[in-house]
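Observations on the model geometry
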Amino acid sequence: MKFTLNKEQEAFRQEVIEFLEKELPSVTYDLDRYHMVGGISQEFSRKMAAKNWIGLTWPKEFGGSERGYVDKMILSEQLIRHRAPTGYHFVAERQIGPAIIKFGQQWQKDYFLPRFINAEDNISFCLLFSEPDAGSDLAAIKTTAILEGDSYVINGQKVWSSGAHQADYGWLLARTNPDPSLPGHFASSEMMLDLKTPGITIRPILNIMGEHHFNEVFFDNVRIDKKYLVGKENEGFKQIVAQLDYERAGIERLMQNHLVYERLKGHIRDGDIPAHDPGLAYWAKDAFARIETELNIGRMMCYHTAWMIDNGKRVSSQAALCKAFCSQYEHRLNDVATRVLGASSLIMGEENPYAPWEGLVPQSYLHSPSYTLQGGAVEILKNIVAQRGLKLPRA
Ligand SMILES: Cc1cc2nc3c(=O)[nH]c(=O)nc-3n(C[C@H](O)[C@H](O)[C@H](O)COP(=O)(O)OP(=O)(O)OC[C@H]3O[C@@H](n4cnc5c(N)ncnc54)[C@H](O)[C@@H]3O)c2cc1C
């Protein structure tokens, strides 16, 4: 592995930066300023599509550019640094498209993949995995999808479904074999469903900031054609494990709070710490040096994981390590920012003149607990590293 980009990669990085500097100022979008991948703009996604930058790593036969994961990492890093609104195609490109390419039926490939690549209308997805009693232990799901004739009949409940209120489709994990003696690992399947299908109720859950991001989704005798099954019946669990590696290896886990990093760096560099508190100034520099070190380590880990994928290596353990490290870095970044700003870091409100950095810090700090949970809690990721990576025995 080289620790620098080669000539082509560097040229690609420059091309991405120039594109973003030119296009972003004119794009109108629903800006979610605190979640760098959350801003939604079909207009911007279409501009990316015109550059063939959606599906960058996908095979050419499915409309992709068949480029490497290091290129994808370069693109993602710049998109986040520039706070580009990629929310319109983000989930479809990162998880749904690759899953359809790997496990989908031919009609699913023909229908969905070109629409994803071109950022067409009505193709947004949400993930319907977690349930009230099944999060880390996903095998414990109770939602059932039972085949009756040519249809699956779905009953049950999902929770923490990000963006389900805005999505067109749900990507569902449900038990297709209701026999309770069979572990969920061997009894569950993946399928997609149109969220307007009768029998689906989506209810908002407000997060700690009072924002509507999550939902509960209820299924009451929801009937969908069996053609929406993805992959093989009762093999959904195996499929999801493969999908999660790609979710965990993304650089967004490291950089979704990069604005906090930049503001903190400027604050310490410009000497904005009160002169009467030299101890704080000293501590802040020391703490920021650690943050800077961790950012660089995290970035290397993300690029290394991408390089491993490009070189055909298995990344389960590396991707888990990457996500565990990067999401804890974001915790620490927000912790240091609140300590450096002191009591004023509690003042909320973008428009509030007394709120430092336009109220950025309390927002990011309150979101922090979620970073180490979504996409797999830190303890679970450490278990993966211990068992799959270090081959340690189960406790
Ligand atoms: C911001 C955000 C967005 C999300 N979006 C979605 C979404 O779109 N779709 C979706 O389906 N889900 C989503 N989730 C849910 C997420 O996948 C779950 O929160 C996660 O899997 C953990 O499950 P849980 O919340 O039930 O916690 P639990 O599994 O109950 O875990 C609670 C605590 O116990 C620890 N723990 C559990 N089991 C073990 C073990 N075996 N060993 C050691 N420690 C353990 C965990 O690490 C954690 O600290 C989202 C969550 C967040 C925070």
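Owing to the predicted nature of the structure, the values given are computational and were not obtained by experimental measurement.

The subject of this paragraph is the overall build of the protein. A tally of helices and strands in the protein yields 12 helices and eight strands. What you see for the protein is a C-alpha radius of gyration of 22 Å, in line with the 21 Å of a compact globule of 395 residues. Along the three orthogonal principal directions, the C-alpha set of the protein runs to about 75 × 50 × 45 Å. Looking at the 395 residues of the protein, the share that counts as buried comes to 41%. Sequence-distant contacts, at least 24 apart, represent 70% of the contacts inside the protein between residues at least 6 apart.

Moving on to the site of the ligand. The full set close to the ligand counts 17 residues, and Phe129, Gly135, Ser136, Ala377 and Glu379 are the nearest of them. Listing elements by their share of the shell around the ligand, those giving two or more residues are β1 (125-128) and α12 (378-389). Of the residues assigned to the shell around the ligand, the class counts are eight nonpolar, eight polar and one charged.

Turning our eyes to something else, we now look at the packing of helix α10 (residues 316-341) against helix α11 (residues 360-371). Between α10 and α11, whose axes approach to 9 Å, the crossing angle comes to 150°. On the basis of their axis angle, the class for α10 and α11 is roughly antiparallel. Between α10 and α11 the crossing geometry is left-handed. Residues Ser327, Glu330, His331, Asn334, Ala337, Thr338 and Leu341 of α10 form the contact with α11, whose own contacting residues are Val361, Ser364, Tyr365, Ser368 and Tyr371. Broken down by class, the residue content of the contact of α10 with α11 amounts to five nonpolar, six polar and one charged.

Formed by 96 residues in total, the largest nonpolar core has its most connected members in Met191 and Cys302. A per-element tally of this core places α10 first, with 12 residues. Setting aside anything within four residues of it in sequence, one finds Met191 in contact with Ala145, Tyr152, Leu172, Ala174, Ile224, Tyr228, Leu229 and Val230.

Our next topic: the domain arrangement of the protein. Its domain assignment divides the protein into domain 1 (7-123), domain 2 (126-234) and domain 3 (249-389). For domain 1 and domain 2, the distance between their C-alpha centroids amounts to 26 Å. Counting from both sides, the interface comprises 11 residues of domain 1 and, opposite them, seven residues of domain 2. If you list the elements that add at least two residues to the side of domain 1 that touches domain 2, you get α4 (90-103) and α5 (106-117). If you tally residues by element for the side of domain 1 that touches domain 2, the top one is α4, at five residues. Of the residues belonging to the side of domain 1 that touches domain 2, the class tally is seven nonpolar, four polar and no charged.

What follows covers α5. In this model, α5 (12 residues) spans 16 Å end to end at C-alpha, consistent with the 16 Å of a helix rising 1.5 Å per residue. Phe112, Leu113, Phe116 and Ile117 are the residues of α5 that are buried. Down the axis of α5, the smallest arc covering the buried residues is 125°, so these residues share one side. Set apart from the buried face of α5 by more than 90 degrees, the exposed residues are Trp107 and Asp110. Tucked into the core, α5 has its buried residues touching α2 (42-50) and α4. Once α5 finishes, Ala119 follows within two positions and takes phi at roughly 50°, a positive value.

Turning next to α2. Within α2 the residues assigned to the buried category are Phe44, Ser45, Lys47 and Met48. Each buried residue of α2 lies within a common arc of 155° when the element is viewed along its axis, so the set occupies one face. Backbone geometry just after α2 places Asn52 at a positive phi near 60°.

So, about the environment of Leu366. Along the chain, Leu366 turns up in helix α11. Dropping the residues within four chain positions of it, Leu366 is found in contact with Ile208 and Met209.

Calculation criteria
Residues numbered from 1 in each chain as written. Predicted model: local features only at pLDDT ≥ 70, side-chain atom pairs only at ≥ 80, totals over all residues. Helix = DSSP H or I, 4+ residues; strand = E, 2+ residues; numbered from the N terminus. Rg over C-alpha atoms; globule rule 2.2 N^0.38 Å. Buried ≥ 20, exposed ≤ 12 C-beta atoms within 10 Å, placed from the backbone. Contact = placed C-beta atoms within 7 Å. Near = placed C-beta within 6 Å. Nonpolar A, V, L, I, M, F, W, Y, C, P; charged D, E, K, R; others polar. Axes fitted to C-alpha atoms, helices over the stretch in contact; angles between N-to-C directions. Parallel < 35°, antiparallel > 145°, perpendicular 65-115°, else oblique. Left-handed = near helix turned anticlockwise from the far one by under 90°. Core = buried A, V, L, I, M, F, W, Y, C linked by C-beta atoms within 7 Å. Domains from an automatic or database assignment. Expected span 1.5 Å × (residues − 1). Arc of directions from axis to C-beta.

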